[in-house]
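Coordinates in review
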Amino acid sequence: MQGGDLLPVVIVVAAARNGVIGRDNRLIWRLKTDLKHFRALTLGRPMVMGRKTFQSIGKPLPGRETIVLTRNTGGFAAEGAHVVRDLAAALDLGQTLGRRMGADSVVVAGGAQLYAEALPLVSRIHLTRVEAEPAGDAVFETPDPARFREVACETHPAGPDDEFAFAFVDFVRRDG
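What you are looking at is a predicted structure, and each value in this text was computed from that prediction instead of being measured.

Quick look at helix α1 (residues 32–42)
Helical geometry note: an α-helix holds 3.6 residues per turn, so side chains three or four residues apart project in the same direction. All buried positions along α1 are accounted for by Asp34, Leu41 and Thr42. Down the axis of α1, the sector holding all buried residues measures 85°, keeping them to one side. When the buried face of α1 is taken as reference, the exposed residues oriented beyond 90 degrees from it are Leu35, Lys36 and Ala40. The inward-facing, buried residues of α1 abut β1 (9–16), β3 (46–50), β6 (106–108), β7 (124–130) and β10 (166–173). Phi for Gly44, located one or two positions after α1, is positive at around 80°.

Remarks on the pairing of β10
When you tally the buried positions in β10, you get seven out of eight residues, the bulk of the element. Sheet topology places β7 next to β10; seven bridges connect them, and they run antiparallel. Its bridge partner being in β10, Leu127 is matched across the sheet by Val169. The sheet contact formed by strand β9 (residues 148–156) and β10 spans eight bridges and is antiparallel. Within β10, the position partnered with Ala152 by the bridge is Asp170.

Notes on the packing of aromatic side chains
Applying the stated criterion across every chain yields a total of two aromatic pairs. Centre to centre, the rings of Tyr115 and Phe140 are 5.3 Å apart; their planes meet at 80°, and the pair counts as edge-to-face. Taken together, the residues Tyr115 in helix α4 (residues 112–118) and Phe140 in the loop between β8 (138–139) and β9 connect sequence positions 25 residues apart. The class for Tyr115 is buried, based on a relative accessible area of 5%. By relative accessible area, Phe140 is classed as buried at 5%.

Quick notes on the pattern of salt bridges
Scanning the model with the defined rule gives four salt bridges in all. For the salt bridge of Arg17 with Glu131, the shortest nitrogen-to-oxygen distance reads 2.9 Å. Taken together, the residues span a long stretch of sequence, with Arg17 in the loop between β1 and β2 (20–22) and Glu131 in the loop between β7 and β8 at a distance of 114 residues. A residue is classified by how much of its surface remains accessible, and Arg17, at 42% relative accessible area, is partly exposed. For Asp175, the salt bridge is made with Arg173, and the minimal N-O distance between the two is 3.6 Å. Linked through salt bridges whose partners overlap, the residues forming this network are Arg17, Glu131 and Glu133.

Quick notes on the rules
- Residues numbered from 1 in each chain as written.
- Predicted model: local features only at pLDDT ≥ 70, side-chain atom pairs only at ≥ 80, totals over all residues.
- Heavy atoms only, no water.
- Buried < 20%, exposed > 50% of the residue type's maximum accessible area, 1.4 Å probe, protein only.
- Helix = DSSP H or I, 4+ residues; strand = E, 2+ residues; numbered from the N terminus.
- Arc of directions from axis to C-beta.
- Contact = heavy atoms within 4.5 Å.
- Pairing = 2+ DSSP bridges.
- Phe/Tyr/Trp six-rings, centres within 6.5 Å; stacked < 30°, edge-to-face > 60°.
- Salt bridge = Lys/Arg side-chain N within 4 Å of Asp/Glu carboxyl O.

In short, geometric facts, not functional conclusions.
The structure is reproduced here in structure tokens:
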């Protein structure tokens, strides 16, 4: 993107203590408070997600521009979403859409492969650390303390709307 400063790229993710973020392309816990938090962190912003994550949600989320990353752009249609082939194209489109929307960031919203690919490019991570250790097939590695420092942590107990205790933990990149 040319002209002006780039919007920061941020990750929004919920991961168990063991790093698990999902199983069989589904969420594996019920945390209503975290869903509200996710909404607050993504509303009014472009969201980049992989095809499987998009398919697990089933549709673009209201109040956001959804960018779906897939290697099979010719055989995949996502009504109401933008489909791109690689991370560079997704982030470039995110910058364009974000400026148009007046957003303050571009959000990377999963899955595991996309998180790993985007991690070197993000300036912040909004992690919901779920106090559980479920089995799963998708993992998000704990941010490396040499690269990211924790700047906020807000704990929440399990309750009627939240199956497990959890914490909202924010990290910022140490090297700029």
